[in-house]
Amino acid sequence: MEVLWGSALLMAVIVLLCEGLRSLLPRKLHGLHLELAFEAVSTVQLCCCTWELVLLGVRGGLDPLLSLGLTYLMTVIHCLSLRAACNPCGSLQLWLRKEASGVDTTLRLVAQFAGAALSRLVMPFFWKLRLSHLHEDWKAEDFRSPLSIGPLSGAGVEMLSALCLLILLRNLGKVEEQFRPHVVAMLITGLVYAGGHLTGAVFNPALAFSVLLSCEGNTFLEYAFVYWLGPVIGLILSILLLDGCIPKLSSDEKIASQKKLT
């Protein structure tokens, strides 16, 4: 429990610091500049908290149910606080659906990966606070690859995870607002339970860039194929499904029903 409370305190410090920055940013920035700053700061929060959860899983020896509970809780907290996509797939989706320009999308991607890179730099300083004995002599390079299957199968797992998440997010408006963080958290926790032992269930290229970039076990090309290409294919499939197949099927059903009536 001492280990758990130390990590919980550290994640609380990270969230509060990032939330403080987000509250100050609107005083200085506006429009796209504010959105980009939110993306960077929020991605730092997401990646740093994920790093701490990884540390708990690798060195803390937590019960699997407790680990899933922490994943659920932190996802709810992120949903309530981030105010940004923090996922390149979300930004690319806006561009592919012609809801954002190519320049704006590129800037959002840069902000997200910059936040992911910054998290790798600041996390060692948080660990130096020694809020838990797990933080002693721990480096990001000590983390080994969670990929326990072949790259092709791993990319399939990440693709399906991203597909499920993006379909949910596209339909999240149908859920009452107070329940939305919990619905997202339940899905992400379920995906982590189903695919965590296979790939780590990251399904976020920026988060993978932060957590998996330097870990041992696979080559950079294998990581890129699994954790970058896999989610992007899931994104493309979600657009084809939600903007192409389903509307067409619904239209065909309406036409068929009208013919029967006539």
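The structure displayed is predicted, hence computed values, not measured ones.

Some points on the packing of aromatic side chains
A ring pair, where both rings are aromatic, is described by two values, the distance of the centres and the angle of the planes.
Move 1: On inspection of all chains with the given rule, the structure shows 6 aromatic pairs.
Move 2: When the centroid spacing of 6.5 Å and the interplanar angle of 35° are considered together, the rings of F209 and W228 count as tilted. Of this pair, F209 sits in helix 8 (residues 205-212) while W228 is found in helix 9 (residues 220-261), placing the two residues 19 residues apart along the sequence.
Move 3: Aromatic pair F220 and W228: ring centres 5.7 Å apart, planes at 85°, arrangement edge-to-face.
Move 4: Judged by relative accessible area, which is 46%, F220 ranks as partly exposed.
Move 5: For W228, a relative accessible area of 27% puts it in the partly exposed group.
Move 6: Each residue in the set F113, F209, F220 and W228 is aromatic and connected to the rest through ring pairs, giving one cluster.

Considering the environment of N87
Move 1: Here N87 shows up in the loop between helix 3 (64-81) and helix 4 (88-96).
Move 2: A relative accessible area of 13% means that N87 is categorised as buried.
Move 3: Considering only alpha carbons, one finds N87 and M159, 72 residues apart in sequence, at a separation of 14 Å.
Move 4: Leave out the neighbours within four places in its chain, and N87 touches Q112, F203, N204 and P205.
Move 5: Within polar-contact distance, the side chain of N87 engages the backbone oxygen of F203 at 3.4 Å.

Re unusual backbone geometry
Move 1: The backbone phi angle of C86 is positive, close to 55°, even though this residue is not glycine.
Move 2: Mapped onto the fold, C86 is located in the loop between helix 3 and helix 4.
Move 3: Of note in this structure, F203 is not a glycine but carries a positive phi near 40°.
Move 4: Looking at where F203 falls in the secondary structure, it is placed in the loop between helix 7 (180-195) and helix 8.

Comments concerning the environment of I14
Move 1: By the element assignment, I14 lies in helix 1 (residues 2-28).
Move 2: Residue I14 is classed as buried on the basis of its relative accessible area of 1%.

Thoughts on the pattern of salt bridges
Once their charged atoms are close, side chains differing in charge can pair, the charge on each being opposite to the other.
Move 1: Within the structure shown, the criterion is met by 7 salt bridges.
Move 2: Two residues, R97 and E99, come together in a salt bridge whose shortest N-O distance is 2.6 Å.
Move 3: Looking at E99, the relative accessible area reads 48%, which means it is partly exposed.
Move 4: In this structure, the salt-bridge partner of R170 is D243, at a minimum N-O distance of 2.6 Å. Of this pair, R170 sits in helix 6 (residues 151-170) while D243 sits in helix 9; the two residues are 73 residues apart in sequence, bridging distant segments of the chain.

Basis of the calculations
- Residues numbered from 1 in each chain as written.
- Predicted model: local features only at pLDDT ≥ 70, side-chain atom pairs only at ≥ 80, totals over all residues.
- Heavy atoms only, no water.
- Phe/Tyr/Trp six-rings, centres within 6.5 Å; stacked < 30°, edge-to-face > 60°.
- Helix = DSSP H or I, 4+ residues; strand = E, 2+ residues; numbered from the N terminus.
- Buried < 20%, exposed > 50% of the residue type's maximum accessible area, 1.4 Å probe, protein only.
- Contact = heavy atoms within 4.5 Å.
- Polar contact = N/O pair within 3.5 Å; in protein donor to acceptor, adjacent residues only side chain to side chain.
- Salt bridge = Lys/Arg side-chain N within 4 Å of Asp/Glu carboxyl O.

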